[in-house]
Amino acid sequence: MLKRPAIIVLSVVAGVGLELGIHMLSGRSEAWDSALYWTLGLPVVVALSVAIGLVSERSDWLWTFLIVPSQVTTMMMRSGEIGNLWPLAAVLSSILSVPFVAAAFVGSKLRPARR
């Protein structure tokens, strides 16, 4: 089982990796403008979210809500368009992490029962 700090780091790295990886593969300025984001990036990160749920302790899988804010922040930093509304964009983008949180929840239910 992984501790909370490791789960947080994995979630942030997943978001950053999603943005940078798809950007490098597709050359698009924003990852979600590429078909690869929808056909490769999201399925990989959903699978990673299931794995995070599987190896997390208790309800630490909830930290997967950081995936999309990490992606959006990376996109904004890379494009140089960080503005005064960056914190609001990061908070609101956490809503878009619902599929990843749901996948992590499924992973948490697949954990072997402790004795």
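These numbers come from a predicted model, not from an experiment.

Undergrad: Help me understand the overall build of the protein chain, please; the structure alone is not making it clear to me.
TA: A count of helices and strands for the protein chain gives five helices and zero strands. For the protein chain, the C-alpha radius of gyration of 14 Å lies close to 13 Å, the compact-globule estimate for 115 residues. In terms of overall dimensions, the protein chain has a C-alpha envelope of 50 × 30 × 20 Å along the principal axes. Within the span of the protein chain, comprising 115 residues, buried residues form 37% of the whole.

Undergrad: Hey, could you run me through helix α2 (residues 35–55) in this one?
TA: Each turn of an α-helix holds 3.6 residues, which means side chains three or four residues apart point in the same direction. When the terminal C-alpha atoms of α2 are compared, their 30 Å separation across 21 residues agrees well with the 30 Å that a helix rising 1.5 Å per residue should span. Residue G41 marks the point of greatest curvature in α2, where the axis turns by about 35°; the proline P43 follows within four residues. In this structure, the buried side of α2 is in contact with α1 (4–26), α3 (67–79) and α5 (98–109). Backbone nitrogen of L36 and a side-chain oxygen of the N-cap are separated by 3.0 Å at the start of α2; the cap is S34.

Undergrad: Please explain unusual backbone geometry as it appears in this structure.
TA: Across the chain, the bulk of peptide bonds are trans and the bulk of non-glycine residues have phi less than zero. Even without a glycine there, the phi angle at R58 is positive, about 45°. The residue R58 is located in the loop between α2 and α3 in this model. The class for R58 is exposed, based on a relative accessible area of 60%.

Undergrad: I keep staring at the packing of α2 against α5 and nothing clicks. Help me out?
TA: Axis separation between α2 and α5 bottoms out at 6 Å; the angle between their running directions is 40°. Relative to α5, the element α2 is oriented oblique. Between α2 and α5 the crossing geometry is right-handed. Contacts between α2 and α5 pair L42, V45, V46, S49, V50, G53 and L54 from the former with F100, A103, A104, G107 and S108 from the latter. Taken together, the residues of the contact of α2 with α5 sort by class into eight nonpolar, four polar and no charged.

Each value, and the rule that gives it
Residues numbered from 1 in each chain as written. Predicted model: local features only at pLDDT ≥ 70, side-chain atom pairs only at ≥ 80, totals over all residues. Heavy atoms only, no water. Helix = DSSP H or I, 4+ residues; strand = E, 2+ residues; numbered from the N terminus. Rg over C-alpha atoms; globule rule 2.2 N^0.38 Å. Buried < 20%, exposed > 50% of the residue type's maximum accessible area, 1.4 Å probe, protein only. Expected span 1.5 Å × (residues − 1). Bend = angle between axes of the 7 residues up to and from the residue. Contact = heavy atoms within 4.5 Å. Polar contact = N/O pair within 3.5 Å; in protein donor to acceptor, adjacent residues only side chain to side chain. Axes fitted to C-alpha atoms, helices over the stretch in contact; angles between N-to-C directions. Parallel < 35°, antiparallel > 145°, perpendicular 65-115°, else oblique. Left-handed = near helix turned anticlockwise from the far one by under 90°. Nonpolar A, V, L, I, M, F, W, Y, C, P; charged D, E, K, R; others polar.

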